[in-house]
Amino acid sequence: KFQDTNTSNKQHKFWETQPVGQFKDVGNSSLPEGPIELPKPLSEVKQEPYNLPNLYEWTVCDMESDEICNEVYVLLTNNYVEDDDNLFRFNYSKEFLRWALHPPGYFQSWHIGVRVKSSKKLVAFITGISVKMRVRDEVVKMAEVNFLCVHKKLRSKRLAPVMIKEVTRRIHLENIWQAAYTAGVLLPTPVTTCQYWHRTLNPKKLIDVGFSRLGDRMTMSRAIKLYKLPNSTSTPGLRKMELRDVPAVTRLLKNYLSQFIVAPDFDDIEVEHWLLPQENVVDSYVVESEDTREITDFISFYTLPSSILNNQNHSILKAAYSFYNVSTRIPLLQLMNDALIIAKQKDFDVFNALDVMENECFLKELKFGQGDGQLYYYLYNYRLSNALKPSELGLVLL
Ligand code: NHW
């Protein structure tokens, strides 16, 4: 039987009903840029939650509570995103989840769980946080939707659309009508399609657990030599970011991100939250000029380990993910080489980066290898007249 392998011809019973770019409209330049649907008066937003199948109930997850944070952690640890070969599964830490979900001005009502009524077991989750997103020269209040997860035993029962509609409703109740999200699956219709690149820091372990393979003519000792890094960073004045650096980092970041078509618009309070170092969550370094004391450059990465499924020797892959980096005086290539050195010192096994922003300029040179699979970026209820190149995007979601 003929099987259609072109996923963009797949039916999307749910997504076809949503205000997102539809595949049939790709290339239709007569459609205007901007919101697809206009905001409704809040009194017209549905006031009651959507119905769940009878055995389940909604719950708001207070991530401040150790008990609830742990329930979310366990759900995600066992049921969240895996790679295509099911070798690894994201293992977001509890501190990371708290950080990701408690930015300034967060809405607890957007941290949504589903429980089994009888046992109270948490079986599904979805979250939103709010962000000011700049699209070209317009700043739009948006939600970032993340951590959508349905327990493995409840898959393919159309629970995800209900969860998405419910988070949408609660976002609407705060008078926000747009959202940004990423996924590894192709849905209608990506703003851009990105790729992860991986810089091996610990070749022996990565090969041992099946993350990478020794290519032709490559031996273990050659690989170790190839990926070896200096013991210390090379940029004079490079130091950990501190609270007093927040205004300077905000200025650097604002200025830098202004060149991209879609990028967040962070203020001091948000920079403090997202970029001030937090052990095992986010690392940030500034370059302070040794004569003027000015902050001229900035690098950051976040910590997101993966569980290694079914390996005798190793259970956790320690991965760093490139976050926001700004170069004004030191070449980005040199800054990122220092980021690799720091990550290696901190015992990460691999350093990951997307091909967004100006990252192309260092990926090959610094011996990153292209990953398999894509990361698609989406906007909800906001049309762009054409897809962006990854380098036109200034946004990293966790
Ligand atoms: S992407 C990570 C998503 N999570 C995982 O991959 C974890 C493992 N998988 C699962 O838990 C980062 C399940 O497979 C999930 C789907 C829950 C993914 N995004 O319930 P059904 C995010 O968290 C569509 C959007 O039967 P399931 C971003 C699918 O195309 N839609 O499937 C989240 C189909 O619709 P269609 C997705 O496997 C952004 C329908 O769901 C999707 O049991 C959310 C099937 O539902 C995905 N990743 O559960 C959107 N995966 O039309 C936010 C599948 O094709 C939008 N689907 O028939 C904005 C809302 C706010 C707006 C505010 C104005």
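Residues numbered from 1 in each chain as written. Predicted model: local features only at pLDDT ≥ 70, side-chain atom pairs only at ≥ 80, totals over all residues.

Asks: I'd like a rundown of the overall build of the protein, residues and numbers included.
Replies: If you tally the helices and strands in the protein, you get 9 helices and 18 strands. For 398 residues, the compact-globule estimate of 2.2 N^0.38 gives 21 Å, and the protein sits close to it at 22 Å. Along the three orthogonal principal directions, the C-alpha set of the protein runs to about 60 × 50 × 50 Å. Taking all 398 residues of the protein together, 35% fall into the buried category. Once local pairs closer than 6 in sequence are excluded, the contacts in the protein between residues at least 24 apart make up 74%. (Helix = DSSP H or I, 4+ residues; strand = E, 2+ residues; numbered from the N terminus. Rg over C-alpha atoms; globule rule 2.2 N^0.38 Å. Buried ≥ 20, exposed ≤ 12 C-beta atoms within 10 Å, placed from the backbone. Contact = placed C-beta atoms within 7 Å.)

Asks: Hey, could you go over the sheet that holds strand β15 (residues 319-322) for me, with residue numbers and the actual values?
Replies: Strand order in the open sheet formed by 7 strands is β9-β11-β12-β15-β16-β8-β17, with mixed pairing between adjacent strands. In this open sheet, the two edge strands, each paired with only one partner strand, are β9 (238-240) and β17 (368-370). Along the sheet, successive strands turn relative to each other by an average axial angle of 30 degrees, direction set aside. Where strand β11 (residues 282-288) lies against strand β12 (residues 295-303), 7 bridges are found, and the strand directions are antiparallel. Of the residues in β12, the one forming a bridge with Val287 is Asp297. (Pairing = 2+ DSSP bridges. Axes fitted to C-alpha atoms, helices over the stretch in contact; angles between N-to-C directions.)

Asks: Describe the site of the ligand, with residues and values.
Replies: In the neighbourhood of the ligand, 35 residues make up the surrounding shell, with His12, Phe14, Leu148, Ala160 and Ala179 lying closest. For the shell around the ligand, a count of residues per class yields 23 nonpolar, 8 polar and 4 charged. (Near = placed C-beta within 6 Å. Nonpolar A, V, L, I, M, F, W, Y, C, P; charged D, E, K, R; others polar.)

Asks: So, the nonpolar core: which residues are in play, and what are the values?
Replies: Counting residues in each nonpolar core, the largest one holds 98 residues, and the members touching the most others are Val249 and Ala343. When residues in this core are grouped by element, the largest group, 8 residues, is from strand β4 (residues 122-135). Residue contacts for Val249: discarding those within four places in its chain leaves Met241, Val271, Leu275, Val286, Ile295 and Phe298. (Core = buried A, V, L, I, M, F, W, Y, C linked by C-beta atoms within 7 Å.)

Asks: I'd love a proper account of the packing of helix α6 (residues 246-257) against helix α7 (residues 268-275), names of residues and values included.
Replies: Taken N-terminus to C-terminus, the directions of α6 and α7 make an angle of 100 degrees; their axes are 9 Å apart at the nearest point. Viewed along their axes, α6 and α7 adopt a mutual orientation that is roughly perpendicular. On the side of α6, the interface is formed by Val246, Pro247, Val249, Thr250 and Leu253, while α7 contributes Asp268, Val271, Glu272 and Leu275. In the contact of α6 with α7, the residues fall into 6 nonpolar, 1 polar and 2 charged. (Parallel < 35°, antiparallel > 145°, perpendicular 65-115°, else oblique.)

Asks: Any details on the domain arrangement of the protein? Residues and values, ideally.
Replies: As assigned here, the protein comprises domain 1 (11-183) and domain 2 (196-372). Counting from both sides, the interface comprises 22 residues of domain 1 and, opposite them, 23 residues of domain 2. Counting only elements with at least two residues in the side of domain 1 that touches domain 2, the list comes to β2 (88-90), α2 (94-101) and β4. If one sorts the elements of the side of domain 1 that touches domain 2 by residue count, β4 sits on top with 5 residues. Its residues assigned to classes, the side of domain 1 that touches domain 2 shows 12 nonpolar, 4 polar and 6 charged. (Domains from an automatic or database assignment.)

Asks: Help me get a handle on the environment of His111, residues and values and all.
Replies: Residue position: His111 is located in strand β3 (residues 111-116). When the C-alpha atoms of His111 and Phe14 are compared, they prove to be 22 Å apart, with 97 residues separating the residues in sequence. When residues no more than four places from it in sequence are discounted, the contact partners of His111 are Val60, Cys61, Met63, Leu101 and Thr127.

Asks: Run through helix α3 (residues 159-172), naming residues and quoting values.
Replies: Given 3.6 residues to a turn, an α-helix orients residues that are three or four positions apart in the same direction. Taking 1.5 Å of rise per residue, 14 residues should cover 20 Å, and α3 covers 20 Å from first to last C-alpha, within 8% of that figure. Burial in α3 covers these residues: Val162, Met163, Ile164, Glu166, Val167, Thr168, Arg170 and Ile171. Check the buried side of α3 and you find it contacts β3, β4, β5 (138-150) and β6 (179-183). (Expected span 1.5 Å × (residues − 1).)

Asks: So what about the packing of helix α1 (residues 66-79) against α2? Which residues, and what values?
Replies: Their axes nearest at 10 Å, the elements α1 and α2 cross at an angle of 105 degrees. Regarding the angle of α1 to α2, the classification is roughly perpendicular. From α1, Cys69, Asn70, Val72 and Tyr73 reach across to α2, where they touch Lys94, Leu97 and Arg98.

Asks: Which residues make up the sheet that holds strand β13 (residues 306-308), and what values do they have?
Replies: The 3 strands lie next to each other as β2-β13-β14, forming an open sheet whose pairing is antiparallel. For this open sheet the edge positions go to β2 and β14 (316-317), each flanked by a neighbour on one side alone. In this sheet, β13 lies alongside β2 in antiparallel orientation, the contact comprising 3 bridges. Across the sheet, Arg89 pairs through a bridge with Ser307, a residue of β13.

Asks: Describe the environment of Pro264, naming the residues involved and giving the relevant values.
Replies: When you line up the elements, Pro264 lands in strand β10 (residues 262-264). We classify Pro264 as buried; it has 23 C-beta atoms within 10 Å. Sequence-wise, Pro264 and Leu395 are 131 residues apart; in three dimensions their C-alpha atoms are separated by 6.4 Å. Once you skip the residues sitting within four places of it in the chain, Pro264 turns out to touch Val131, Lys132, Met133 and Leu395.

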